[in-house]
Amino acid sequence: MTPNFILPDSVIYMLIASGAVAVITYIKMSIDEIKAFRRERAICEFKIAIENNRKSQTLADYYTAAADGDPDDCDYWDDTAELFK
C-alpha cells in the first residue's frame, strides 16, 4: 500500500510564489547583465575609436606641415605631431 502524500494549500501557494520570485529574479538579473555587456561594449568601442584617432597618420602629417610653415612654433607642432604617430 502506498500512502498518499498531500501538501496543505498554503504550502503549495508558498512554493508557487517562491518559484515566481525565482523566475522574476532570474529575468531581472539577465536583463541587468545584458545592459552591463552593452555598456562595456560601448566603452570598449569608444576607447578603440579614441585610440584610432590618436594614431592618425593624416593628422600627424598636417601637424608636421604646420611645423614646416611656422618656424617660430616648430617645436610645438612637432611635439603635437608625435602624439598622433
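If you're wondering where the values come from, they're calculated on a predicted model, not measured in any experiment.

Using the criterion set out here, one finds 1 salt bridge in the structure. Residue D32 is joined to K28 by a salt bridge in which the shortest nitrogen-to-oxygen separation is 3.4 Å. With a gap of 4 residues between them, D32 and K28 both fall in helix 1 (residues 9–54), about one helical turn apart. D32 gets classed as partly exposed once you look at its relative accessible area, which sits at 33%. Assessed through its relative accessible area of 51%, K28 is described here as exposed.

Conventions and cut-offs
- Residues numbered from 1 in each chain as written.
- Predicted model: local features only at pLDDT ≥ 70, side-chain atom pairs only at ≥ 80, totals over all residues.
- Heavy atoms only, no water.
- Salt bridge = Lys/Arg side-chain N within 4 Å of Asp/Glu carboxyl O.
- Helix = DSSP H or I, 4+ residues; strand = E, 2+ residues; numbered from the N terminus.
- Buried < 20%, exposed > 50% of the residue type's maximum accessible area, 1.4 Å probe, protein only.

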